[in-house]
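# Examining the three-dimensional arrangement
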Amino acid sequence: MEIKILLIIIGVVFLGIISMFNSLIRLKNHVKNSWSGIDVQLKRRNDLIPNLVNVVKGYATHEKETLENIVKLRNLSMNQTNLKDIAKTQDQLSSSLKSLFAVSENYPNLKANQNFMELQSELSKTENQIAASRRIYNENVTYFNNKIETFPSNIIAKMFSFKQADFFEATKEEKKEVNISF
Amino acid sequence: MENGKKILSNFLDKTSLVKPKQEDVEMAKQSFSNISQNNYWDPTNFIDFERINKNCIKILSKLFFLKRNPDKPKKQISIASLILIVGTVGVFLLNFNSSIKIDPDAWLMYLLFAIFPLTFILIDYQSLSKDIIKIQVAQSNNFLYDPYSDYKKWFDLSKLYPEIFQKGNSSQHVEDQFWGSLTKNSIDHYFYSGIFTYTIRTQNGKNSSSTTYNTHFFSIKLNKKINTRFCLCRESIFSRFSKKEINTESIEFNKRFSFLYDGKKSEKSLEIVKQLSPAVQEKIIELDKKTKGMNILFTQDCVIFLFTGFLLKRSKTNLFKSVEINEEDKNFISNKLDTLIDISSDISHYLD
């Protein structure tokens, strides 16, 4: 009788471990999945930038520096692997694009260009998609990290060496650097 | 049954306590500006402008009549209350003092008849104020509103969207219909909204029972067609579809909704997930939080949001106190509609 009870307890604990382990794996996969969501949107933006630069070049000759900066940041972001670095570069790129769209107001011919208007609309949609996928990613990271830190799943996380995921955000200092005033 | 409902609706209309005169009708006609057919969208491609015009003028003429006779509701409610008080007191006095024995059922019938006028007046004025509020909201936003039940529209909608409208076995109709549009980022977003009411009657031997359900639907036209048809559900109301697991990248989204669709998962899942971009998922979660739960049907040319009950129901207006529409009521309905239009147009924007 006692052995039976012991076996039942062991069985329940074992099932609990399996369930918690699987839940951690599922959350980890969600984090990965949501990262690929960001990646898709970032790639989409990187693909749109050369077209935008080409259109703007023809009209806004005085904005050479802004355009060069955008191209530089785009190229830099394509080679980065560290999450914090990517976040920092992306924030800078977003700000540079915003400033480019702001200065485009000074070039009526550019503003009226059909290609420019379409690219602007596409880029603004993509920016919003990036922001949304970024929030989804960070939300998933919060779920995952909470699971790793809270009892009893923290024991399983330690046993199987689950590590906390990084948030996709620039540090406070980096955010300050990004602020651009018009 | 449908005829019965129509007869009842006609009866209530004819027995309405507010009987506008010709001059009220003329004033209503003047205040109700002519509506243009180009500004609205309907999934059935048909809007009965003549009917809507007639219905709105009928309601507004009642408002003008009441404005000319502001004491009318007070008088009517006073008489009905007096009948109730006299009736109740009479029943009790007779019951205690009279030596004549009267059947208790007869007393009950008498009391019911005494309550009837008061109930009738309250329902009539409440319904009138509800309609006036919505007509005024529609007028100030350049929307279109039909205050009366529409049986034909239900029939047409049930052919287009059987998942939603082929429900119940009697009294199916659509009411509280709104049509309108919103321009955002220089793109027009058209919507159509209403309440779908249906009754389920069950016969169990000699006993029969019936339950009436109300579903608020809000549809937004997509500017670009999508290639798939599926539902996002909190509960399995879409019996036509089978439930198959699809996960998006958002844990929050997966916790809130499950997917229902026809066809194989391998064929449909990619198309569905492609439509639900991160921004769309975020907006859906936002709307879900604001409306405390909803189901969504994605079709080729529109998205339909479904909410249980009456989303636009609210009445602080008391026509017995004064013949003025409470601004809070108008603002409440305007704000609810604004939220729905705003978020759904964003969803449509990101789906396009």
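By convention here, each chain's residues receive numbers from 1 onward along its written sequence. Chain letters start at A and ligand numbers start at 1, both assigned in the order the entries are written. pLDDT decides what is reported in this predicted model: residues at 70 or higher carry local features, side-chain atom pairs at 80 or more are listed and counted, and totals for whole chains, interfaces and linings draw on all residues regardless. Values reported for side chains reflect all heavy atoms of the structure, with hydrogen atoms and water molecules removed beforehand.

## Some words on unusual backbone geometry
- With an omega dihedral of 0°, the bond running from Phe151(A) to Pro152(A) counts as a cis peptide bond.
- Helix numbering and strand numbering both begin at the N terminus, where a helix is a DSSP run of H or I of at least 4 residues and a strand a DSSP run of E of at least 2. Of note, Pro152(A) is situated in the loop between helix H5 (114–149) and helix H6 (153–159).
- At Ser171(B), a position not held by glycine, the phi torsion is positive, near 60°.
- With respect to the helices and strands, Ser171(B) occurs in strand S2 (residues 170–184).

## Some thoughts on the confidence of the model for chain A
Residues and elements named next belong to chain A.
- One confidence number per residue, pLDDT, is output by the predictor and ranges from 0 to 100. With 92% of its residues at a pLDDT of 70 or more, chain A has an overall mean of 84.
- Within chain A, the element-level pLDDT minimum falls on helix H7 (residues 172–178), averaging 49, and the maximum on H6, averaging 90.
- Low confidence marks residues 177–182, where pLDDT is under 50. Its contacts with residues over four positions away, or in another chain, come to 11 contacts. Two residues form a contact once any of their heavy atoms are found within 4.5 Å.

## Examining the packing of helix H10 (residues 278–291) of chain B against helix H11 (residues 327–351) of chain B
Residues and elements named next belong to chain B.
- Only C-alpha atoms enter the line fits that serve as axes; for helices the fit covers just the stretch in contact. Angles between N-to-C directions range over 0 to 180 degrees. Running from amino to carboxyl end, H10 crosses H11 at an angle of 165°, the nearest separation of the two axes being 9 Å. Classed by the angle they form, the pair H10 and H11 counts as roughly antiparallel. H11 is crossed by H10, and the crossing has left-handed handedness. Between H10 and H11, the residues in contact are Ala-279, Val-280, Lys-283, Ile-284, Glu-286, Leu-287, Lys-290 and Thr-291 and Thr-339, Leu-340, Ile-343, Asp-346, Ile-347, Tyr-350 and Leu-351, respectively.
- The class makeup of the residues in the contact of H10 with H11 is 9 nonpolar, 2 polar and 4 charged. Roughly parallel refers to an angle under 35 degrees, roughly antiparallel to one over 145, roughly perpendicular to one between 65 and 115, and oblique to any angle outside these ranges. For any helix crossing, the convention is left-handed if the near helix is rotated counterclockwise from the far helix by under a right angle, and right-handed if that rotation is clockwise. Residues are grouped as follows: Ala, Val, Leu, Ile, Met, Phe, Trp, Tyr, Cys and Pro are nonpolar; Asp, Glu, Lys and Arg are charged; every other residue, Gly included, is polar.

## Notes on the interface of chain B and chain A
- Facing 16 residues of chain B, the contacting portion of chain A comprises 16 residues.
- Buried area is calculated as the accessible area (1.4 Å probe) missing from two parts once they are joined, with the contributions of both summed. Buried area between chain B and chain A, summed over both chains or domains, comes out near 1,400 Å², and the portion from carbon and sulfur atoms is 56%.
- Among the residues of chain B in contact with chain A, Glu249(B), Ile251(B) and Glu282(B) are the three that bury the most area, contributing 43% of the side total.
- Salt bridge, as used here, is a side-chain nitrogen of Lys or Arg placed within 4 Å of a carboxyl oxygen of Asp or Glu. Counting across the chain B and chain A interface gives 1 salt bridge.

## Examining the packing of aromatic side chains
Residue and element names in this part refer to chain B.
- Working definition: a ring pair exists when centres of Phe, Tyr or Trp rings (six-membered ring for Trp) sit within 6.5 Å. Plane angles under 30 degrees give stacked, over 60 give edge-to-face, the rest tilted. Counted according to the given criterion, the structure contains 22 aromatic pairs over all chains.
- Clustering of aromatic rings is evident, with ring pairs tying together Phe-165, Trp-179, Tyr-192, Phe-196, Tyr-198, Tyr-213 and Phe-217.
- Charge-over-ring placement is defined geometrically: NZ (Lys) or CZ (Arg) within 6 Å of the ring centre, and within 35 degrees of the ring normal. When the ring centre of Tyr-148 is taken as origin, the NZ or CZ atom of Lys-58, which lies over that ring, is 4.9 Å away.
- Lying across the ring of Tyr-192, Lys-153 places its NZ or CZ 5.9 Å from the centre.

## Brief notes about the packing of helix H1 (residues 2–59) of chain A against H5(A)
Residues and elements named next belong to chain A.
- At a minimum axis separation of 8 Å, H1 and H5 run at an interaxial angle of 160°. Here H1 is positioned roughly antiparallel relative to H5, judged by the angle of their axes. Crossing geometry of H1 relative to H5 is assigned as left-handed.
- Looking at the contact of H1 with H5, its residues break down into 20 nonpolar, 11 polar and 7 charged.

## Observations concerning the pairing of strand S4 (residues 207–221) of chain B
All names here are of chain B.
- A pair of strands is treated as paired once DSSP finds two or more bridges between them. With 14 bridges joining them, strand S3 (residues 187–204) and S4 adopt antiparallel strand pairing. Following the sheet pairing, Tyr-192 is matched in S4 by Ser-219.
- A loop of 2 residues connects S3 with S4, the two strands running antiparallel in sequence, and Gly-205 in this loop sits at a positive phi of about 65°.
- With 7 bridges joining them, S4 and strand S9 (residues 302–308) adopt antiparallel strand pairing. Bridging across to S9, His-216 finds its partner in Phe-307.

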